[in-house]
Amino acid sequence: MAAPADRQQAFETPFPFRSTPPTVRLIGQESAHDPFALTVAAAWTCYGARPARVENVLKLMDPSLDEPGDEVRPARRERAQRLYPDLFAAGHHTTFQHANFVFVLDGVSRLAIWSFFHSHPHYNSEQVSQRYREVSGKTMVTPDLPEPLLEIYTAAIERALEGYRRLVDLLTPDLTARYARVFPARAKARDPEMAERVHRDVQRKAQEVARYVLPLATPAHLYHTVNGLTLLRYYVLANQLDVPGEVRYIVNRMVEEVLKVDPNFLGAPGHPLDLRLIATEDTPEYQALANLRANLDQTGNEEFFREFDAELGNYHSKLVAYNPNAERLLANAVRTVLGRSRDELSDAEAIALVLDPARNHYHGHSLFLAMHSKLMQTMNHVPFTFQKRISGAEEAQNQRHRGTLSSSPVLSAHLRQEPDVIVPYDVARVPEALEEYHATVRALWDAKNRLLDAGVPVEQVLYLLPNSHHVRFYETGTLLTYFWKWVKRLCYDAQREIFETARQETEQVKQVLPEIGRYVARPPCMLRHEAGTRPFCPEGERYCGIPVWRNYDFARIAERRVL
């Protein structure tokens, strides 16, 4: 890291023009503390001769500063108060996006996170990892059920936690042996510190796999950042079908926290925002499933599952739509950016300028720079749609790639009488673990069925679904948004299921678009190797132990993976 003096010198850039230099001023705490004033100031700036200042709006909103007999300030204040809901009603919503709030949420179920807080692209989260932190189970999200039914629920939760702990123990010997194949020196070391590292690494891997039997009632803590507009949408939509009741509670607390610092967030007195909270019964999903109970009897929708799974064939992520002319389109877009003809720049050369790390060193940079590169923005013109059937565990990771948008299922309409889950690779390798896995899943599934039969609301029963439950949906993105996702998930450090999804997807792209496909099927170390960026592996102490970049062959990427 550069010393302060060196850092300051790096920023001393002369302004090479005769005109007055632009000014830069950081809006500090106003972003979270004064969303009303910030929104109004942003709107005024659109029409003012100079940027409006947030502090001037705050002064205007303070009646104690009015001079006796001054009728102008109260009138201006009234206009500002009226402007806020007017902007909202007219759809000028970009003004509400300048305010950003960072919330620390604790004790939130995985169901709430999947079904609501991560089911859209306009957020940022960092949540506790079930891979790196052992799940104690001391506190699990528990609905308010009458005693006989509560006993069924809590017994299922306890059985899942017991299965989780057993799986960690049962998987450890096989994982330890495979770890020793990758890191023989570590495994043979007598140093207590190294022995502890080996134990920790294997433990984490075992937890990563065992978590597939944990129910969606498992709580998490997270940092969750949204802007003002997204928080208002949360407030309106927290009663959506499939969204558990805890979400309404959490969202109300989030809004209350903002109102504590800015009472005008939902509008000034006499000028409220027209929010109109939407009831579950008014959502389009509920209305489309008007006879909801008939859709939840777990007998009438099996034909859907047969059709969907038959269409997938041997894939769990199948390419179902793309532009057959994508390579020519991408090349044309590149030529247009550069102002070159086909005679000057062939299709293959144009595509290589964007995707070949040896030609485009942005691929070796730690930041994904494509969205800011005019050449790489041409990747936006290449679309893909995949039909997917993956586990809830993978989908929780998949949601974090917010550029690849999916149409998430109404989970309550996907419940089945018999267990519908993925079997992780590492579990299938160990017969005793496989037996325990199926027994744990069966216990959760049977409890889910008993509670449904007893008339427990489906939103409460969903908490008992294990992470391994299948999620079926369609997902669409562009080459630009898929590219970084594929790069990151083809790394051997990626969890195996999502690694296999990335492998299947890039394999299919290579088949239908070979010129593009030759560049997309590369993990990070391979991109950095071809770009000449050292170290080739960017993971530091998380290095997988296999020099993938040596004699790289995509056809062998799955078989070379050990852990």
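All of these numbers come straight from a predicted model, not from anything done at the bench.

*Asks:* Tell me about the pairing of strand β9 (residues 470-478), and please be specific about residues and values.
*Replies:* Counting buried residues in β9 gives seven out of nine residues, a clear majority hidden from the surface. Inspection of the sheet shows strand β7 (residues 383-391) paired to β9 by nine bridges, in the antiparallel sense. Within β9, the residue paired with Phe386 across the bridge is Glu475.

*Asks:* Tell me about the layout of surface pockets, residues and numbers included.
*Replies:* A water-sized probe rolled over the atoms picks out the places where empty space is left. Taken as a whole, the second largest pocket spans an internal volume of roughly 680 Å³. Along its surface, the second largest pocket is lined by 30 residues, and Ser115, Ser119, His120, Gln240 and Ser408 are the ones closest to its centre. Listing elements by their share of the lining of the second largest pocket, those giving two or more residues are α6 (110-117), α10 (228-237), α17 (392-398) and β8 (405-407). Tallying contributions element by element places α10 first for the lining of the second largest pocket, with four residues. Residue composition of the lining of the second largest pocket, by class: ten nonpolar, 14 polar and six charged.

*Asks:* Before we move on, could you go through the pattern of salt bridges and cite the residues and values that matter?
*Replies:* A full pass over the atoms with the stated rule returns 40 salt bridges. Taking the shortest distance from any N to any O, the salt bridge between Glu208 and Lys205 comes out at 3.3 Å. Remark: Lys205 and Glu208 occur in helix α9 (residues 192-210); sequence separation between them is three residues, near one turn of the helix. Judged by relative accessible area, which is 3%, Glu208 ranks as buried. Arg335 is the partner of Asp347 in a salt bridge, and the nearest nitrogen-oxygen pair spans 2.8 Å. In this pair, Asp347 is assigned in helix α16 (residues 347-355) and Arg335 in helix α15 (residues 326-338), connecting sequence segments twelve residues apart. Taking the relative accessible area as the measure of exposure, Asp347 reaches 23% and is therefore partly exposed.

*Asks:* Kindly report on the sheet that holds strand β3 (residues 219-227), identifying the contributing residues and their values.
*Replies:* Ordered by their spatial adjacency, three strands build an open sheet running β1-β3-β2, and the pairing between neighbours is antiparallel. A strand with exactly one partner marks an edge of an open sheet, and here the two such strands are β1 (100-109) and β2 (124-127). With direction set aside, neighbouring strand axes in the sheet form an average angle of 20 degrees. Its contacts with the sheet put α6 on β1, β2 and β3, and the angle it makes with β1 is roughly 140 degrees.

*Asks:* Hey, could you go over the packing of helix α3 (residues 35-45) against helix α5 (residues 72-90) for me, with residue numbers and the actual values?
*Replies:* Here α3 crosses α5 at 90 degrees, and the two axes come no closer than 10 Å. The pairing of α3 with α5 is recorded here as roughly perpendicular in orientation. Contact with α3, carried on its side by Pro35, Phe36, Thr39, Val40, Ala43 and Trp44, involves Arg76, Ala80, Gln81, Leu83, Tyr84 and Leu87 of α5 and no other residues of that element. Here the contact of α3 with α5 is composed, by residue class, of nine nonpolar, two polar and one charged.

How each quantity is defined
- Residues numbered from 1 in each chain as written.
- Predicted model: local features only at pLDDT ≥ 70, side-chain atom pairs only at ≥ 80, totals over all residues.
- Heavy atoms only, no water.
- Buried < 20%, exposed > 50% of the residue type's maximum accessible area, 1.4 Å probe, protein only.
- Helix = DSSP H or I, 4+ residues; strand = E, 2+ residues; numbered from the N terminus.
- Pairing = 2+ DSSP bridges.
- 1 Å grid on protein atoms, 1.4 Å probe; cavity = no way out; pocket = protein on both sides within 12 Å on 5 of 7 lines; lining within 4 Å.
- Points joined across faces, edges and corners; volume = space filled by probe spheres on them.
- Nonpolar A, V, L, I, M, F, W, Y, C, P; charged D, E, K, R; others polar.
- Salt bridge = Lys/Arg side-chain N within 4 Å of Asp/Glu carboxyl O.
- Axes fitted to C-alpha atoms, helices over the stretch in contact; angles between N-to-C directions.
- Contact = heavy atoms within 4.5 Å.
- Parallel < 35°, antiparallel > 145°, perpendicular 65-115°, else oblique.

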